[in-house]
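Each chain, written out:
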Amino acid sequence: MNKTIRDLLAKFGALPVAIDQIEDDADLYATGLSSFASVQLMLGIEEAFDIEFPDNLLNRKSFASIAAIERTVGLILDGRKVA
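Nothing here was measured: the structure is a model prediction, and the numbers come from that model. (Residues numbered from 1 in each chain as written. Predicted model: local features only at pLDDT ≥ 70, side-chain atom pairs only at ≥ 80, totals over all residues. Heavy atoms only, no water.)

Asks: What am I meant to see in the overall build of the protein here?
Replies: Check the secondary structure of the protein and you find 4 helices and 0 strands. Listing the helices and strands of the protein from first to last along the sequence gives α-α-α-α. Scaling as 2.2 N^0.38, a compact globule of 83 residues should have a C-alpha radius of gyration of about 12 Å, and the protein matches this with 12 Å. The principal-axis extent of the C-alpha atoms belonging to the protein is close to 40 × 20 × 20 Å. Of all 83 residues assigned to the protein, the portion counted as buried reaches 42%. Nonlocal contacts in the protein, meaning residues at least 24 apart in sequence, comprise 56% of its contacts between residues at least 6 apart. For the protein, the accessible surface area stands at approximately 5,000 Å², while carbon and sulfur atoms represent 53% of it. (Helix = DSSP H or I, 4+ residues; strand = E, 2+ residues; numbered from the N terminus. Rg over C-alpha atoms; globule rule 2.2 N^0.38 Å. Buried < 20%, exposed > 50% of the residue type's maximum accessible area, 1.4 Å probe, protein only. Contact = heavy atoms within 4.5 Å. Areas by Shrake-Rupley, 256 points an atom, 1.4 Å probe, with all protein chains shown as cover.)

Asks: Can you walk me through the packing of helix 1 (residues 2-12) against helix 3 (residues 35-49) in this structure?
Replies: Packed helix pairs are characterised by how far apart their axes lie and by the angle those axes make with each other. Running from N to C, helix 1 and helix 3 point in directions that differ by 140°, and their axes come no closer than 9 Å. By the angle between their axes, helix 1 is oblique relative to helix 3. When the axes of helix 1 and helix 3 are compared, the crossing they make is right-handed. Taking contact as the criterion, the partners of T4, I5, L8, L9 and F12 in helix 1 are, on helix 3, A37, Q40, L41, G44, I45, A48 and F49. Along the lines of polarity and charge, the residues of the contact of helix 1 with helix 3 split into 9 nonpolar, 3 polar and no charged. (Axes fitted to C-alpha atoms, helices over the stretch in contact; angles between N-to-C directions. Parallel < 35°, antiparallel > 145°, perpendicular 65-115°, else oblique. Left-handed = near helix turned anticlockwise from the far one by under 90°. Nonpolar A, V, L, I, M, F, W, Y, C, P; charged D, E, K, R; others polar.)

Asks: Before we go on, may I ask you to explain the UniProt feature "domain: Carrier" (unreviewed entry) in the protein in this structure?
Replies: UniProt records the feature "domain: Carrier" (unreviewed entry) for residues 1-80 in the present numbering. Note that residues 1-80 is 56% helix and 0% strand, and that its end C-alpha atoms are spaced 16 Å apart. (UniProt positions renumbered as here; feature names shortened; annotations may be inferred.)

And the structure:
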């Protein structure tokens, strides 16, 4: 999952830093992720993982870092297994 998220971040994030130089827990917004890019990233993640972000997870905290994105996607995938 980490590699897929990193690939999508490289494609949609428009970050001024190479994706391989970003630690999993680094603040992506401090690194240069814009609101527009985070929406593009969200759409890419939804398509890649065949998921839909629920309204309660559509917030800055969910996209604050690569680790946060992994946790959020994991929550959605786990919730789908239960449903």
